[in-house]
Amino acid sequence: MGLALMGAAEIQERLGVSRQRAYILINRRDFPPPVATLKMGNVWLKSDVEAWIVEKRPHLVGGDEEP
């Protein structure tokens, strides 16, 4: 099984927000730090993003996100 990562586009989709809003959120001090920076941009561990969602956006926690 591979490492589950998310880029800005996946975070935008998961949160259901605009690209601009996603970038505002990922630049907040309380957002998890990226695990790597690639030419395409930063990437985050999916588990870190999901933990942030549970804490900061609990209304988005439900049964329709991918495992």
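Position numbers for residues start from 1 in each chain and track the written sequence from start to end. Since the coordinates come from a predicted model, pLDDT governs what is reported: local features require at least 70, and pairs of side-chain atoms require 80 or more to be given and counted, while whole-chain, interface and lining totals use all residues. Think of the side-chain values as coming from all heavy atoms in the structure, minus any hydrogens and water.

**Observations concerning the overall build of the protein chain**
Defined as follows: Think of it this way: any DSSP run of H or I at least four residues long counts as a helix, any run of E at least two long counts as a strand, and we number them from the N terminus. Between the two quantities, the radius of gyration covers C-alpha atoms and the globule rule is 2.2 Å times the number of residues to the power 0.38. Only protein chains enter the calculation, and the probe is 1.4 Å; a residue is then buried if its accessible area is under 20% of its type maximum, exposed if over 50%, and partly exposed in between. Whether two residues are in contact is decided by their heavy atoms: any pair within 4.5 Å suffices. Method for areas: the Shrake-Rupley scheme with a 1.4 Å probe, in which residue coverage is limited to the protein chains shown. Counted as positive: Lys and Arg. Counted as negative: Asp and Glu, with His and the chain ends omitted from the count. We put the charge of a Lys on NZ, of an Arg on CZ, of an Asp on CG and of a Glu on CD.
Across its full length, the protein chain carries 3 helices and 3 strands. Helices and strands appear in the protein chain in the N-to-C order β-α-α-β-β-α. Taken against the 2.2 N^0.38 rule, which gives 11 Å for 67 residues, the C-alpha radius of gyration of the protein chain at 11 Å falls within 12% of a compact globule. With the C-alpha coordinates of the protein chain rotated into their principal frame, the extents come out at 30 × 30 × 20 Å. In the protein chain, which comprises 67 residues, the proportion classed as buried is 28%. Looking at the protein chain alone, contacts between residues at least 24 apart form 50% of all its contacts between residues at least 6 apart. With an accessible surface of roughly 4900 Å², the protein chain has 54% of that area assigned to carbon and sulfur atoms. The distance from the centre of the 9 positive side-chain charges to the centre of the 9 negative ones in the protein chain is 9 Å.

**Examining the packing of aromatic side chains**
Filter applied, for reference: Within 6.5 Å between ring centres, the rings of Phe, Tyr and Trp (the latter by its six-membered ring) count as paired, and their orientation is classed by plane angle as stacked under 30 degrees, edge-to-face over 60, tilted in between.
Overall, the coordinates contain 2 aromatic pairs when judged by the stated rule. Aromatic pair Phe31 and Trp44: ring centres 5.9 Å apart, planes at 85 degrees, arrangement edge-to-face. Taken together, the residues span a long stretch of sequence, with Phe31 in the loop between helix H2 (19-26) and strand S2 (36-38) and Trp44 in strand S3 (residues 41-45) at a distance of 13 residues. Overall, the relative accessible area of 6% leaves Phe31 in the buried class. Given a relative accessible area of 2%, Trp44 falls into the buried group. Here a set of aromatic residues connected by ring pairs shows up, and it is made of Phe31, Trp44 and Trp52.

**A few points about the nonpolar core**
Selection rule: By nonpolar core is meant a set of buried Ala, Val, Leu, Ile, Met, Phe, Trp, Tyr and Cys residues that side-chain atoms within 4.5 Å join together.
Judged by nonpolar contacts, Met6, Ala8, Ile11, Leu15, Leu25, Ile26, Phe31, Trp44, Val49, Trp52 and Ile53 together constitute the single largest core of 11 residues. For this core, the secondary structure elements donating two or more residues are helix H1 (8-15), H2 and helix H3 (46-56). When residues no more than four places from it in sequence are discounted, the contact partners of Ile26 are Ala8, Ile11, Phe31 and Trp44.

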